[in-house]
Amino acid sequence: MAPRSVLDRLTAAVPEDLAAARRVARSVGTIDDATVDDLLWSEAHGLRLVAVLALVQRFRAGDDATRAAVLERWLDAARAERLDSRELVDLGAEQIVGEWYVDRPRNAMFALAKSDVVWVRRAAVMATLSFVKRGDASTSLDIAGRLVRERGDDVQTAVGLVLREVGKRADHDALLAFLDRYATMMRPATRTAAIEHLGPVERERYAI
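Residues numbered from 1 in each chain as written. Predicted model: local features only at pLDDT ≥ 70, side-chain atom pairs only at ≥ 80, totals over all residues. Heavy atoms only, no water.

## Brief notes about the packing of aromatic side chains
Put simply, the rule reads: Each Phe, Tyr or Trp ring (for Trp, its six-membered ring) is paired with any other whose centre lies within 6.5 Å, and the angle between the two planes then decides the class: stacked below 30 degrees, edge-to-face above 60, tilted in between. Helix and strand assignments come from DSSP, with helices taken as H or I runs of at least 4 residues and strands as E runs of at least 2, each series counted from the N terminus. Only protein chains enter the calculation, and the probe is 1.4 Å; a residue is then buried if its accessible area is under 20% of its type maximum, exposed if over 50%, and partly exposed in between. For a Lys NZ or an Arg CZ to count as sitting over a ring, it must be within 6 Å of the ring centre and within 35 degrees of the ring normal.
On inspection of all chains with the given rule, the structure shows 1 aromatic pair. Between the aromatic rings of phenylalanine 178 and tyrosine 182, the centroid separation amounts to 4.7 Å while the plane-to-plane angle is 45°, which identifies the pairing as tilted. Of the two residues, phenylalanine 178 and tyrosine 182 are both situated in helix α12 (residues 172-182); the distance of 4 residues between them amounts to about one turn of the helix. Tyrosine 182 matches phenylalanine 178 in its accessibility class, with the two residues each being buried. Looking at arginine 67, its charged tip hangs above the ring of phenylalanine 59, at a distance of 4.8 Å from the centre. One Lys or Arg, arginine 106, reaches over the ring of phenylalanine 131 and ends 3.7 Å from the middle of that ring.

## Brief notes about a positive patch on the surface
The condition that has to hold: Only residues whose relative accessible area exceeds 30% and that form no salt bridge enter a patch; like-charged residues are grouped when within 9 Å of one another, and nonpolar side chains (Val, Leu, Ile, Met, Phe, Trp, Tyr) when within 5 Å. Every accessible area reported is derived by Shrake-Rupley at a probe size of 1.4 Å, with residue values counting cover from the shown protein chains alone. Whenever Lys or Arg places a side-chain nitrogen within 4 Å of a carboxyl oxygen from Asp or Glu, that contact is recorded as a salt bridge. Neither His nor the chain termini are counted; the positive set is Lys and Arg, and the negative set is Asp and Glu. Lysine's charge is taken at NZ, arginine's at CZ, aspartate's at CG and glutamate's at CD.
Judged by side-chain charge, Arg22, Arg23, Arg26 and Arg60 come together as a positively charged surface patch. Of the residues forming the positive patch, the biggest block, 3 residues, is contributed by helix α2 (residues 18-28). The topology assignment puts arginine 23 in helix α2.

## A few points about the pattern of salt bridges
Under the criterion given, the structure shown has 17 salt bridges. A salt bridge links arginine 134 to glutamate 99; the nearest nitrogen and oxygen atoms lie 3.0 Å apart. One end of the pair, arginine 134, is in the loop between α9 (129-132) and α10 (138-147); the other, glutamate 99, is in helix α6 (residues 86-101), and 35 residues separate them in sequence. With a closest N to O distance of 2.8 Å, glutamate 150 and arginine 121 form a salt bridge. Note that glutamate 150 is positioned in the loop between α10 and α11 (153-169) and arginine 121 in helix α8 (residues 118-127), a separation of 29 residues in sequence. The pair glutamate 150 / arginine 121 is uniform in exposure class, with both members buried.

## Quick word on α8
Using the following cut-off: Any two residues whose heavy atoms approach within 4.5 Å at even a single point are treated as in contact.
Counting buried residues in α8 gives 9 out of 10 residues, a clear majority hidden from the surface. Listing the buried residues of α8 in full gives Trp119, Val120, Arg121, Arg122, Ala123, Ala124, Val125, Met126 and Ala127. Against the buried residues of α8 lie α5 (64-79), α6, α7 (107-113), α9, α10 and α11.

Here it is as structure tokens:
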């Protein structure tokens, strides 16, 4: 069991939103593995937010061994559906999963995109923001192409967000090629997000 003094402090006033969770995470400092696990398995969304924030902090400060352990703990929680909201997924997807694979082979990310768990599939998409923000849209477009036909909002909103970022930061020609292939398969809201940063002629071309 985790040390009760730390856990009791965290559960005494459960944060209600992300800003409050950030304040709590800062106030308690380093959170040990057992406490992180207890928080991830809590039924309180706010406590799971604190756990994810603690993992992000540990990932940023750690060496490769620490980062690898954080990645596995975060993915285990996602696969177990303990990260069961967009907020919980998005906090760690880019800053843990994406950052881990920036300079590594990305085959595992395509495996995540095939997961039976919707939150893991969303994580696969959102993680690619790390690559897009460095000007590399290839993995984002490949994964988006695999998931573009999915009907659920949780994956589709992620696809739209990432495609919008591709249009803002990366290769417009690659995005246009993607749209030429997939635009007719995309939900209207996803397509609208994808074309937001294109020029007026291009937006008209793919307009709904």
